[in-house]
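Here is what each chain is made of, one letter per residue.
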Amino acid sequence: MTRKEIIGLILVPVAFIILAFLPSLPNSANLLSLAIPIAMFTVLATSWAIFSGPTHYISLATAAFYGVGAYTMATWLDVLPYPVILLIAAVIGAVFAAVVGFATLRLSGVYFVIFTLGLAEMTRQVFVWYQNNFGGTRGHYVFTDITEAQIYWQLLALGLLVYLVGWWIGRSRLGFAIRIIGADELVARHSGIHTARSKVLLFMVSGAFAAVVGVVMAPRFVYIEPAMAFNPQLSFLVAIMALLGGIHRLWGPLMGAIPFALVWEFIASNFPAQTILLMGIAFLVVVYYIPNGVAGVVEGWYHKLKAAGGEKHG
Amino acid sequence: MQILITGIFLGGVYAIIAVGLSLQYGVARIMNLAVGEMLVAGAFAAFWVYTAQSLNPYWSLLFVVPGAFIVNWLIYRFLLQPLVRRAKTRGQLEVDSILVTFGLSFTLVGIFLIVFGGQFFNYSFMSRPVELFGSRYGQNRVLAFCIAVVICGLLWYWLNYTRSGLSLRAVSVDPKAASLVAIDVNKVSAFAFALGGAIAATGGVLLSTFLTFDASVGVVFTMKALIIVIMGGVGDIRGAIVAALVLGLTETIVARLIDPGLTLASAYFLFLLILLFRPQGLFGRRTT
């Protein structure tokens, strides 16, 4: 461990502890209604980037995992204790990701994008069909005594977990393997890396996180129905936030999630018809003007500053 | 029998969209995820011609085809070619072009929403039934199918039996080698992309005569076209046509016999089978 990493390991939890006091501020209800989406998107975008960053596979499956999580919550809410549901959702998310991954990740990126593009919609169709024929009702009520503040804390905890997992993967053999795969898959295969397995494992991590977020967010909806739980827009939002922030750094997606979530909330409440246009323009801007994301821009400044400072001293 | 024919009619129209995408992906190497929006644009044009001008919607082809051709040529020239030049690897180009065409797709949907609003559109054109093999089918579907067949046939003939078609196929096989035999790869790619877009918009005109559509329906067709292109093998027109018919049939069978809500799921099931067993496409050869 380098000194930088130790400092990070201390500073990041401290930052999270400070953030955890947000609900105790006066007038916190308004703040929370902004902080919860930001925290949610940060978790989703960071876990998305853990997989998509090094591998360059654009996953649009987030909404599918999220919806599965929300339905796990709705189905077993009255039967099982809450922590068990979280665990089950994580397992289901990971297994689902494994199945999708094994079918598509052996092939080139285009196949994967296309497959995940429709995954949420397909899962929704299957759910609706199943519920129409075997399950009785379409929607589910989720009545819990989980408060907004508790959801926020859970998301914060998940955020911390995502950072720890991402940091740990970055140091592990798996992280090293995945960086080689991202740089050149052929080289990776020739140096004895089991490429498909590494990619699937990483995809499972991001799938499990998205499913757990689905469980955590479910009580906010109160009433869950397929069109809402499996909204494909979520996948795109997560992808654009992560890309906007920069996917080559663990802290990059955070830089994208905060501004984009704020702008999104503003547009969605003031000009609801124009949200799609905003998303489209955001995609174009990111590709043409900030291909390395905000993180890349910040790093560029940092290096310039450092270079300028170095000249003064030397 | 009725299911079979309905399925084939549907497949014929899918084929034309997929052929458009296949040209764009096979020759210009751009996976155009905004192809569905070209289709919706065509559908809106036909709708406008029919309702506002009270003309036969097929008249809209007069300006839809050249219009879509020019728009797609501009898109390729100014949005995508810089990416082709910038990309260091094929993978980088893939990611960039996917993101850009997604952005394009959303931007277009946003514009459609502002111009036309979010409601559903349909109009009744030639909706009298016609009798075939003892069952009734809408005349509009039959006509759309016939036009699709003609267009696919012309395209197939052009690609396989003319010199300019040959240069297109050459670029699709290997752009570097094609430039060695004095083919202007950039020009051919731009042309293929523009032509693909024009064909997709034509598909939209055909679809609008018998299907209800709205501003955001494009992505559904993009997805189906993508599945067909991969099923048929990238850049393979013949494969795309066969795959489109297979998809049309499967969807119709599932919709009639199991549940109409499961059409996409059935398309996905086909897609999964292809990915697992023949990722190189129905007629493709395995690459080493």
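Only a predicted model underlies this, so the values are computations on that prediction, with no experimental measurement involved.

Scoring rules and cut-offs
- Residues numbered from 1 in each chain as written.
- Chains lettered and ligands numbered in written order.
- Predicted model: local features only at pLDDT ≥ 70, side-chain atom pairs only at ≥ 80, totals over all residues.
- Heavy atoms only, no water.
- Helix = DSSP H or I, 4+ residues; strand = E, 2+ residues; numbered from the N terminus.
- Rg over C-alpha atoms; globule rule 2.2 N^0.38 Å.
- Buried < 20%, exposed > 50% of the residue type's maximum accessible area, 1.4 Å probe, protein only.
- Contact = heavy atoms within 4.5 Å.
- Areas by Shrake-Rupley, 256 points an atom, 1.4 Å probe, with all protein chains shown as cover.
- Lys, Arg positive; Asp, Glu negative; His and termini not counted.
- Charge placed at Lys NZ, Arg CZ, Asp CG, Glu CD.
- Phe/Tyr/Trp six-rings, centres within 6.5 Å; stacked < 30°, edge-to-face > 60°.
- Salt bridge = Lys/Arg side-chain N within 4 Å of Asp/Glu carboxyl O.
- Expected span 1.5 Å × (residues − 1).
- Patch = residues over 30% accessible without salt bridge, like charges linked within 9 Å, V, L, I, M, F, W, Y side chains within 5 Å.

*Asks:* Where do I start with the overall build of chain B in this structure?
*Replies:* Tallying secondary structure elements over chain B gives eleven helices and two strands in all. For chain B, the succession of helices and strands along the chain, N to C, is α-α-α-α-β-β-α-α-α-α-α-α-α. For 288 residues, the compact-globule estimate of 2.2 N^0.38 gives 19 Å, and the C-alpha radius of gyration of chain B, at 19 Å, lies within 12% of that figure. By its C-alpha atoms, chain B is 55 × 45 × 35 Å across when sized along the principal axes. Counting the 288 residues in chain B, one finds 55% classified as buried. If you take every contact in chain B between residues at least 6 apart in sequence, the share linking residues at least 24 apart comes to 75%. For chain B, the exposed area adds up to about 12400 Å²; of that, 67% sits on carbon and sulfur atoms. Counting 19 positive and 10 negative side-chain charges, chain B places the averaged centre of each group 8 Å from the other.

*Asks:* I tried to follow the packing of aromatic side chains on my own but got confused; where do I start?
*Replies:* Centre-to-centre distance and the angle between the planes together describe a pair of aromatic rings. Residue and element names in this part refer to chain A. Scanning all chains against the criterion turns up 33 aromatic pairs over all chains. When the ring of tyrosine 71 is compared with that of phenylalanine 230, the centres are 6.1 Å apart and the planes differ by 15 degrees; the resulting orientation is stacked. Here tyrosine 71, found in helix H3 (residues 62–76), pairs with phenylalanine 230, found in the loop between helix H10 (226–229) and helix H11 (233–245); they are 159 residues apart in sequence, far enough to count as distant. Given a relative accessible area of 0%, phenylalanine 230 falls into the buried group. Arranged with centres 5.2 Å apart and planes meeting at 45 degrees, the rings of phenylalanine 127 and phenylalanine 230 form a pair that is tilted. Taken together, the residues phenylalanine 127 in helix H5 (residues 109–135) and phenylalanine 230 in the loop between H10 and H11 connect sequence positions 103 residues apart. A connected cluster of aromatic rings, assembled from ring pairs, spans Phe51, Tyr57, Phe65, Phe96, Phe112 and Phe203.

*Asks:* Help me understand the pattern of salt bridges in this model?
*Replies:* Side chains that differ in sign of charge can pair as their charged atoms come close. All names here are of chain A. In the structure shown here, the tally under the stated rule is six salt bridges over all chains. Notably, a salt bridge pairs glutamate 121 with arginine 124, separated by 2.8 Å at the nearest N-O pair. A residue pair is termed a helical-turn pair when its members lie 3 or 4 positions apart in one helix, as glutamate 121 and arginine 124 do in helix H5 at three residues. The class for glutamate 121 is partly exposed, based on a relative accessible area of 23%. Between glutamate 299 and arginine 249 there is a salt bridge; the shortest N-O distance is 2.4 Å. With glutamate 299 in helix H14 (residues 293–313) and arginine 249 in the loop between H11 and helix H12 (252–270), this residue pair connects regions lying 50 residues apart in the sequence. The class for glutamate 299 is buried, based on a relative accessible area of 18%.

*Asks:* I'm lost on H3(A) in this one. Help?
*Replies:* Because an α-helix packs 3.6 residues into every turn, residues spaced three or four apart end up facing the same way. Over its 15 residues, H3(A) extends 21 Å from the first C-alpha to the last, a length consistent with the 21 Å expected when each residue adds 1.5 Å. Judged by how many residues are buried, H3(A) sits mostly within the fold: 13 of 15 residues are covered.

*Asks:* How should I be thinking about a nonpolar patch on the surface in this particular structure?
*Replies:* Residue and element names in this part refer to chain A. On the surface, a nonpolar cluster with roughly 520 Å² of combined accessible area is contributed by Ile6, Leu9, Ile10, Val14, Ile18 and Leu164. At five residues, helix H1 (residues 3–20) tops the list of elements feeding residues into the nonpolar patch. Along the chain, valine 14 falls in helix H1. Note on valine 14: relative accessible area 39%, which makes it partly exposed.

*Asks:* Where do I start with unusual backbone geometry in this structure?
*Replies:* In most cases, non-glycine residues show a negative phi, while peptide bonds are predominantly trans. Of note in the backbone geometry, His56(A) takes a positive phi value of approximately 65 degrees without being a glycine. Note that His56(A) resides in the loop between helix H2 (28–55) and H3. On the basis of relative accessibility, which here comes to 41%, the residue His56(A) falls in the partly exposed class. Residue Ala182(B) is not a glycine yet carries a positive backbone phi of 65 degrees. With respect to the helices and strands, the residue Ala182(B) is situated in the loop between helix H7 (175–180) and helix H8 (185–208).

Any functional reading would require information that these geometric values do not contain.
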